[in-house]
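# Observations on the three-dimensional arrangement
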Amino acid sequence: KNMSPDDIKAAIREMNIGTISLQFTDILGTVKHVEIPASQIDKALAGELMFDGSSIEGFVRIEESDMYLRPDPATFVILPWKTREGRRTARLICDVYNPDGTPFEGDPRYVLKRVVAEAAEMGYVMNVGPEPEFFLFERPSAEQGRPVTLDHAGYFDLAPVDKGEEVRAEIVLTLQEMGFEIEAAHHEVAPSQHEIDFKYADAVTTADNIATFRSVVRTIALQHGLHATFMPKPLFGENGSGMHLHQSLFRGDQNAFYDPNTPDRLSEVCKQYIAGIMEHARAITAVTNPLVNSYKRLVPGYEAPVYVAWSYRNRSPMIRIPAKRGLSTRIELRSPDPSCNPYLALAVILKAGLDGIKRRLTPPDPVEGNIYHMPQAERDELGIASLPGSLAEAIQALEQDPLILEALGSHVASRYLEAKKIEWDVYRTQISPWELQEYLAKY
Ligand code: ADP
Ligand code: MG
Ligand code: MG
Ligand code: MG
Ligand code: MG
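Residues numbered from 1 in each chain as written. Chains lettered and ligands numbered in written order. Predicted model: local features only at pLDDT ≥ 70, side-chain atom pairs only at ≥ 80, totals over all residues. Heavy atoms only, no water.

## Some details on the coordination of the magnesium ion (ligand 2)
Ideal geometry at a metal centre gives angles of 109.5 degrees when four donors are arranged tetrahedrally and 90 or 180 degrees when six donors are arranged octahedrally. Put simply, the rule is: Here the coordinating atoms are restricted to nitrogen, oxygen and sulfur within 2.8 Å of the metal centre, or 3.2 Å for Na, K and Ca, and because water is not among them the sites may look incomplete. Here a strand is any run of E in DSSP of at least two residues, a helix any run of H or I of at least four, and the numbering for each starts at the N terminus. Three exposure classes are used, based on accessible area relative to the maximum for each residue type with a 1.4 Å probe and protein chains only: buried under 20%, partly exposed in between, and exposed over 50%.
At the metal site, the magnesium ion (ligand 2) is ligated by Glu131 (OE), Glu195 (OE) and Asp197 (OD), and these contacts range over 1.9 to 2.7 Å. When the donors of the magnesium ion (ligand 2) are listed by position in the chain, the intervening gaps give E-x63-E-x1-D. The magnesium ion (ligand 3) is placed at 2.7 Å from the magnesium ion (ligand 2). Placement of the pair is glutamate 131 in strand 7 (residues 125-138) and glutamate 195 in strand 9 (residues 193-198), with a sequence separation of 64 residues. Note on accessibility: glutamate 131 and glutamate 195 belong to one class, buried.

The following block contains the structure:
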């Protein structure tokens, strides 16, 4: 699937491609694109396509606004739903460059590539497999009050086949057409909630895949008159949507997290990686759980983690170790949600894990009991910290963690913190329906 520029030009001719969508993401993880006629492909592949960076969230000021797109040939794929008068549309994901030919520091894909290069210097390739969850709602969704669900189904529920299940099947087919290897698709615990799991790949490919996945889910849902959302907690009293991230480090074709000679068959490197993530967990959360709403998912009682801990079996801590060993040895980080910028999220997670390896950190003992039911005093004794309780707390933790700020780079870090502080400020001064209902009559 690694296509050269010549392969791409041949594909354009043979597959009757009329339009090419050149894509990249802004720092908040929103996919941006510019469409070009296929006749412009030479110019695009040469990295000569310019756009105005000052109009993109978190990019640059007006005075320095010329940016260039360099398509990554490996990301060439046909968009199955976009055919116009028989001519098809292809997409290429791009890296963003400055006019002087240097990579643009504010490009999230570059931020991830920098940390991936650091891992490569240490001899490691990060592999990541995500489990994104999402809701399918009736349209128009939630202009006021609660979004309208399609079903009353729960985890793994089957018939009677509802509209949601049909649309989910269509999403899976579309993803498969685009080369995704789907491992599972099922109804999740909450009404109208679904999960589609696809096969792990290296970090940059998986971040690209997550961005693509989200746009496919939204597009196919819309075609069926539904609204798909990756908002972490759209329904009060129901589970929210997470995006567990399974991850391992490979050294050549060996899984560096696997060691057949230890009691739990996890390597020292794996333990150090876990320790690194735990050490930086609170700062990481500002990126993996980026919205005000993200913190309404991270509460006790809804299968989402609340505490910084790890476990072999229990699903309440932030990190779980699935039982599989050998090539499938991996850790599962359960805190991230699908509203995050996948490039920045993987960058900060990997940076934290590598820090654990470099400093040879040792993780605390795993916690096998249910932490939700542990008295505070016992948690304190075991040194179990809480994840941030709000976006404000997470922002503060990020500001206090130089290593995670370094992972983002000063350009992205300052823009990101600025945007998130504004978001928090706007939120905290709102008067919510709950407050009016609770206080207006009583006081
Ligand atoms: P869960 O048991 O939490 O529901 P799933 O089986 O749904 O987990 O998801 C497993 C994910 O882990 C898939 O995306 C899969 O490709 C991925 N995975 C498998 N092996 C590895 C590995 N060595 N490194 C990273 N991810 C892996
Ligand atoms: Mg799953
Ligand atoms: Mg599963
Ligand atoms: Mg799930
Ligand atoms: Mg999982």
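## A short note on a nonpolar patch on the surface
So the rule is basically this: By definition, no residue in a patch forms a salt bridge, and every one has over 30% relative accessible area; like charges are joined within 9 Å, nonpolar side chains (Val, Leu, Ile, Met, Phe, Trp, Tyr) within 5 Å. Note on areas: these come from Shrake-Rupley sampling with a 1.4 Å probe, and a residue is covered only by the protein chains present in the view. A pair is scored as a salt bridge if a Lys or Arg side-chain nitrogen falls within 4 Å of a carboxyl oxygen belonging to Asp or Glu.
On the surface, Tyr155, Phe156 and Val189 cluster together into a nonpolar patch covering about 310 Å² of accessible area. Its location among the elements puts tyrosine 155 in the loop between strand 7 and helix 4 (163-177).

## Concerning the site of ligand 1
The condition that has to hold: Any residue with a heavy atom positioned within 4 Å of a molecule or strand is treated as near that molecule or strand. Distance and chemistry together define a polar contact, namely a pair of N or O atoms within 3.5 Å, with one atom able to donate a hydrogen and the other to accept it when in protein, and with adjacent residues in sequence counting only for side-chain atoms on both sides. Gly is put with the polar residues, along with every residue not named as nonpolar or charged; the nonpolar set is Ala, Val, Leu, Ile, Met, Phe, Trp, Tyr, Cys and Pro, and the charged set is Asp, Glu, Lys and Arg.
The environment of ligand 1 is formed by 20 residues, the closest being Glu131, Asp197, Phe198, Ser248 and Glu332. In the model, an oxygen atom of ligand 1 is placed 2.8 Å from a nitrogen or oxygen of the glutamate 131 side chain. Computed on the free molecule, ligand 1 has an accessible area of 580 Å², of which 84% lies beneath the protein chains in the complex. Partitioned by chemical class, the residues of the shell around ligand 1 number five nonpolar, eight polar and seven charged.

## Notes on the coordination of the magnesium ion (ligand 4)
The protein atoms donating to the magnesium ion (ligand 4) are Glu133 (OE), Glu188 (OE) and Glu195 (OE), with metal-donor distances spanning 2.0 to 2.2 Å. The two metals, the magnesium ion (ligand 4) and the magnesium ion (ligand 2), are separated by 4.7 Å and share glutamate 195 as a common coordinating residue. One end of the pair, glutamate 133, is in strand 7; the other, glutamate 195, is in strand 9, with 62 residues separating them in the sequence. The buried category is assigned to glutamate 133, whose relative accessible area is 9%.

## Brief notes about the packing of helix 7 (residues 281-288) against helix 11 (residues 402-428)
Under the convention used in this document: To define axes, lines are fitted to C-alpha atoms, for helices over the stretch in contact only, and angles between the resulting N-to-C directions are given on a 0 to 180 degree scale. Every angle not falling under 35 degrees, over 145, or within 65 to 115 is termed oblique; those three ranges are roughly parallel, roughly antiparallel and roughly perpendicular. Each crossing gets its handedness from the near helix: less than a right angle anticlockwise from the far helix is left-handed, clockwise is right-handed. Note on definitions: a residue-residue contact is assigned when non-hydrogen atoms from the two residues lie within 4.5 Å.
Two elements in contact, helix 7 and helix 11, have axes whose closest approach is 13 Å; the angle formed by their N-to-C orientations is 45°. By the criterion of interaxial angle, the relationship of helix 7 to helix 11 is oblique. Judged by the sense of rotation from one axis to the other, the crossing of helix 7 with helix 11 is left-handed. Residues Ala283, Ile284, Ala286 and Val287 of helix 7 form the contact with helix 11, whose own contacting residues are Ile404, Leu408 and Tyr416. Along the lines of polarity and charge, the residues of the contact of helix 7 with helix 11 split into seven nonpolar, no polar and no charged.

## Digging into the packing of helix 4 against helix 5 (residues 203-223)
The description of two packed helices rests on the angle between their axes and on the distance between the axes. Packing of helix 4 against helix 5 brings their axes to within 9 Å, and their N-to-C directions diverge by 135°. Judged by the inter-axis angle, helix 4 sits oblique to helix 5. Classified by chirality, the crossing of helix 5 by helix 4 is right-handed. For the pair helix 4 and helix 5, the contacting residues are Val167, Glu170, Ile171, Thr174 and Leu175 in the first and Phe213, Val216, Val217, Ile220 and Ala221 in the second. Split into classes, the residues belonging to the contact of helix 4 with helix 5 amount to eight nonpolar, one polar and one charged.

## Some remarks on the side chain of arginine 297
We apply this condition: Charged-residue counts in this description rest on Lys and Arg as positive and Asp and Glu as negative, His and the chain ends being excluded.
Mapped onto the secondary structure, arginine 297 falls in the loop between helix 7 and strand 14 (307-308). For the buried arginine 297, no salt bridge is present, and the opposite-charge side chain at shortest range is aspartate 337, 4.7 Å distant. Only 3.0 Å separates the side chain of arginine 297 from the backbone oxygen of arginine 334, close enough to count as a polar contact. Ignoring sequence-local partners within four residues, the contact set of arginine 297 consists of Pro232, Lys233, Gly240, Ser241, Gly242, Asn289, Ala304, Pro305, Arg334, Ser335, Pro336 and Asp337.

## Things to note about the nonpolar core
Soluble globular proteins: nonpolar side chains tend toward being buried together. What counts, and what does not: We define a nonpolar core as any set of buried Ala, Val, Leu, Ile, Met, Phe, Trp, Tyr and Cys residues linked to one another through side-chain atoms lying within 4.5 Å.
Membership of the largest hydrophobic core comes to 90 residues, with the highest contact counts inside it found for Leu249, Tyr273, Ile277 and Ile319. If one sorts the elements of this core by residue count, helix 8 (residues 342-358) sits on top with eleven residues. Those residues in contact with leucine 249 that lie beyond four places of it in its chain are Tyr124, Val125, Met126, Gln254, Asn255, Ala256, Phe257, Val269, Tyr273, Leu350 and Ile357. Among the nonpolar cores identified, the runner-up in size contains 26 residues, and Ala44, Ile56, Ala90 and Phe104 belong to it.

## Details of the pairing of strand 2 (residues 31-37)
What counts, and what does not: A pair of strands is treated as paired once DSSP finds two or more bridges between them.
In this sheet, strand 2 lies alongside strand 1 (residues 17-25) in antiparallel orientation, the contact comprising seven bridges. By the bridge assignment for strand 2, leucine 22 is matched with valine 34. Hairpin geometry of strand 1 and strand 2 is characterised by an intervening segment of five residues between the two adjacent antiparallel strands and by a positive phi of about 90° at glycine 29.

## Topic: the side chain of lysine 351
The residue lysine 351 is located in helix 8 in this model. Residue lysine 351 is classed as buried on the basis of its relative accessible area, which comes to 6%. Setting aside anything within four residues of it in sequence, one finds lysine 351 in contact with Val115, Glu118, Leu403, Glu406 and Ala407.

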